[in-house]
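One-letter residues, chain by chain:
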Amino acid sequence: MKKANSPAEEAATETGPAPSEESSPPAGDPGPASSEPQMETDIEADLSGQLHGLRSEFEALNDRHLRLAAEFSNYRRRAEGEMNQARGRAQTELLRRFLDALDDLERVSALELADEAVSVTSVVEGIDLVGRKFARVLEEAGVEVIDPETGESFDPAGMEAVMRVPSKSPDDDDTIDQVLQKGYRFRNHLVRPARVSVRKHE
């Protein structure tokens, strides 16, 4: 025979079991722990995008640098080649002018050997003419002749003292007595100093 339930048991049966204290939160509420993985994923994606952008920018700048370096190297080689060509043309022109003067000197020598009646005066005049032509070629090329005068102060920047000449006057000390060999300067570069004798007061 079935035992009758008490009024309290019947009420519990109708309402169902009491909810547990450890039951999960209602649907739709992710809770604080579930949002952290999503935030980490977003940060990683953002950093990855920034890194990709920086890599692209670096590659573009590096490629530009390499192109500029190659262009500058080509320009430098081209400029050096043009300078060498210009220098070669200038030297060729200078040599051509000297050859003209050398031809004149050879003609004077040939004339002296061919005709015994040629006077010494005419030979000297011919040689002097060739010398003036050489000097003109040097001047046109930018060569400066260093030819100090007697009594001029000695200048070690363009002169070389090869002899000392005694002087009785202290005013003549360190002055030029005689030019033994002319000097030359080309575009502010000393080619050869003038060799001189210098007076020294004793």
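Observations concerning the sheet that holds strand E5 (residues 189-192)
For step 1, the next point in the chain: Taken in spatial order, the three strands of this open sheet run E1-E4-E5, and their pairing is antiparallel. What marks the edges here is a single partner per strand, and that holds for strand E1 (143-146) and E5. Averaged over all adjacent pairs, the angle separating strand axes in this sheet is 30°, with direction ignored.
For step 2, the next point in the chain: Sheet topology places strand E4 (residues 183-186) next to E5; three bridges connect them, and they run antiparallel. Looking at E5, one finds that Arg185 is bridged to Leu190.

Quick look at the pairing of strand E6 (residues 194-201)
For step 1, the next point in the chain: With eight bridges joining them, strand E2 (residues 159-167) and E6 adopt parallel strand pairing. Bridge pairing links Val165 to Arg199 in E6.

Quick word on the pattern of salt bridges
For step 1, the next point in the chain: Inspection of the entire model under this criterion finds nine salt bridges.
For step 2, the next point in the chain: Between Asp174 and Lys200 there is a salt bridge, with the nearest N and O atoms lying 2.3 Å from each other. Residue Asp174 is located in the loop between E2 and strand E3 (176-181), and its partner Lys200 is located in strand E6; the two are separated by 26 residues in the primary sequence.
For step 3, the next point in the chain: You can call Asp174 partly exposed: its relative accessible area is 34%.
For step 4, the next point in the chain: We note a salt bridge from Arg199 to Asp177, for which the minimum N-O separation is 3.2 Å.

Comments concerning the side chain of Arg199
For step 1, the next point in the chain: The topology assignment puts Arg199 in strand E6.
For step 2, the next point in the chain: For Arg199, a relative accessible area of 17% translates into the label buried.
For step 3, the next point in the chain: At a separation of 3.2 Å, a polar atom in the side chain of Arg199 contacts the side chain of Asp177.
For step 4, the next point in the chain: Other than its neighbours up to four places away in sequence, Arg199 contacts Thr150, Gly151, Val165, Ser167, Asp172, Asp173, Asp174, Thr175, Ile176 and Asp177.

The rules behind these values
Residues numbered from 1 in each chain as written. Predicted model: local features only at pLDDT ≥ 70, side-chain atom pairs only at ≥ 80, totals over all residues. Heavy atoms only, no water. Pairing = 2+ DSSP bridges. Helix = DSSP H or I, 4+ residues; strand = E, 2+ residues; numbered from the N terminus. Axes fitted to C-alpha atoms, helices over the stretch in contact; angles between N-to-C directions. Salt bridge = Lys/Arg side-chain N within 4 Å of Asp/Glu carboxyl O. Buried < 20%, exposed > 50% of the residue type's maximum accessible area, 1.4 Å probe, protein only. Polar contact = N/O pair within 3.5 Å; in protein donor to acceptor, adjacent residues only side chain to side chain. Contact = heavy atoms within 4.5 Å.

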